[in-house]
Amino acid sequence: MKLCAKCQKNSVFESKETALCKGHFNEYIFGKASKVLKKYADKKSKILLALSGGKDSVCCFYILSRLGYDFTPVYLDFNFNEKNLRFIKKLSDKFKKEIIILKSSDYGIEIKKIMDKKSGSNPCVICSTARRYILNDYGVKNNFEMISTGHNLTDAINQALNNMKNNFLLGFKNITPFLKPQKEKKLLGRIKPLYLATDNEIKFFMEMNDIPYFKGKCPYFKGFFFKKYINDIEKKDKDILIKMAYSLSNFSSVIEKTKNDIFISDKLCKICGYPSSGDTCSFCKITKY
Ligand SMILES: [Zn+2]
Ligand SMILES: [Zn+2]
């Protein structure tokens, strides 16, 4: 066993780059999250935390609590999984913090039925469109500034590779630790505190600190295609992933600046009034037709 590079105690975490004891591994993860949070939010920012119960969002819950941020966790119940909902209720007791539970039926829609009806569409796209829309709508109506999500470094690289595979340039605008709120367009900001931490690091952090999270899988999710390749890069040289994440973030701001000229017109949905690339936004397309 290697010794911690910072204090010479026995290490619990080893990678090619370093070895860390429990205390210093925690410091390492908190440091990554703080780097993002300090840069883009302050302790008075009103943050809505998108909580699914999985390791990444619960990790954000834990870190935001520990660092003393003003945040409200929200769980969207799409009626997929009774066990997941029960877990959320337990988590609320454990963290002694209220978790807002929103149901898609409150929005007059039944996501499961829509997925069955549109069986040719990717269910994950339908679900994530609805999630994004409902969270933003709830946040706008309740005066939040930004939504925190649990997206991590591995997700970011996977998303980038998917965008390349699908020639989806506009998809690069979201691969960044932060998107500014756009009040005039009724769009909340977005923050990803775990943008610099890999999937494996977060999993290890959660296990090591005995933080409970929901381990069940979504019945519709088929896994990330590129994950095993990204894990290989992580084993060989984690810094490559970090460098890629910074490049993606720079690329995102370029897209953000030029998108209105070259990618899409700046329209508002004729049904609900939120920003849309066409006459009708993707949420209304999914739910109203
Ligand atoms: Zn140490
Ligand atoms: Zn709409």
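For the structure, see preceding data.
All figures in this text were calculated on a predicted structure; none of them were measured in a lab. (Residues numbered from 1 in each chain as written. Chains lettered and ligands numbered in written order. Predicted model: local features only at pLDDT ≥ 70, side-chain atom pairs only at ≥ 80, totals over all residues. Heavy atoms only, no water.)

Draft legend 1. View of the coordination of the zinc ion (ligand 2). Distances from the zinc ion (ligand 2) to its protein donors, Cys269 (SG), Cys272 (SG), Cys281 (SG) and Cys284 (SG), fall at 2.2 to 2.4 Å. Classification of the site at the zinc ion (ligand 2) rests on its four donor atoms, whose angles at the metal span 104 to 114°, yielding the label tetrahedral. Within one chain, the residues donating to the zinc ion (ligand 2) are spaced in sequence as C-x2-C-x8-C-x2-C. (Donors = N, O, S within 2.8 Å, 3.2 Å for Na, K, Ca; no water. Tetrahedral: all angles 85-135°; square planar, octahedral: opposite > 155°, others 65-115°.)

Draft legend 2. Highlighting unusual backbone geometry. A positive phi is found at asparagine 167, a non-glycine position, where the angle reads about 50°. For asparagine 167, the position within the fold is in the loop between helix H6 (153-165) and strand E7 (178-179). For asparagine 167, a relative accessible area of 66% gives the class exposed. (Helix = DSSP H or I, 4+ residues; strand = E, 2+ residues; numbered from the N terminus. Buried < 20%, exposed > 50% of the residue type's maximum accessible area, 1.4 Å probe, protein only.)

Draft legend 3. Region of the structure containing the packing of aromatic side chains. Under the definition given, this model contains 19 aromatic pairs. Seen in terms of ring centroids, phenylalanine 30 and tyrosine 62 are 6.2 Å apart; in terms of plane orientation they differ by 55°. Their pairing is tilted. In this pair, phenylalanine 30 is assigned in helix H1 (residues 22-40) and tyrosine 62 in helix H2 (residues 55-66), connecting sequence segments 32 residues apart. When the centroid spacing of 4.4 Å and the interplanar angle of 25° are considered together, the rings of phenylalanine 61 and phenylalanine 95 count as stacked. (Phe/Tyr/Trp six-rings, centres within 6.5 Å; stacked < 30°, edge-to-face > 60°.)

Draft legend 4. Quick look at the coordination of the zinc ion (ligand 1). Protein ligation of the zinc ion (ligand 1) involves Cys4 (SG), Cys7 (SG), Cys21 (SG) and His24 (ND1), the donor distances falling in the range 2.1 to 2.3 Å. Relative to the metal, the four donor atoms surrounding the zinc ion (ligand 1) lie at angles of 100 to 114°, and the coordination shape comes out tetrahedral. The sequence pattern describing where the donors of the zinc ion (ligand 1) fall on their chain is C-x2-C-x13-C-x2-H. Placement of the pair is cysteine 4 in the segment before strand E1 (13-14) and histidine 24 in helix H1, with a sequence separation of 20 residues. Cysteine 4 gets classed as buried once you look at its relative accessible area, which sits at 1%.

Draft legend 5. Here's a closer look at the pairing of strand E3 (residues 47-50). Neither face of E3 is exposed, since Ile47 and Leu49 on one face and Leu48 and Ala50 on the opposite face are all buried. By the bridge criterion, four bridges tie E3 to strand E4 (residues 71-77) in an arrangement that is parallel. Following the sheet pairing, isoleucine 47 is matched in E4 by phenylalanine 71. As paired elements, E3 and strand E6 (residues 146-148) share three bridges and run parallel to each other. Across the sheet, leucine 49 pairs through a bridge with serine 148, a residue of E6. (Pairing = 2+ DSSP bridges.)

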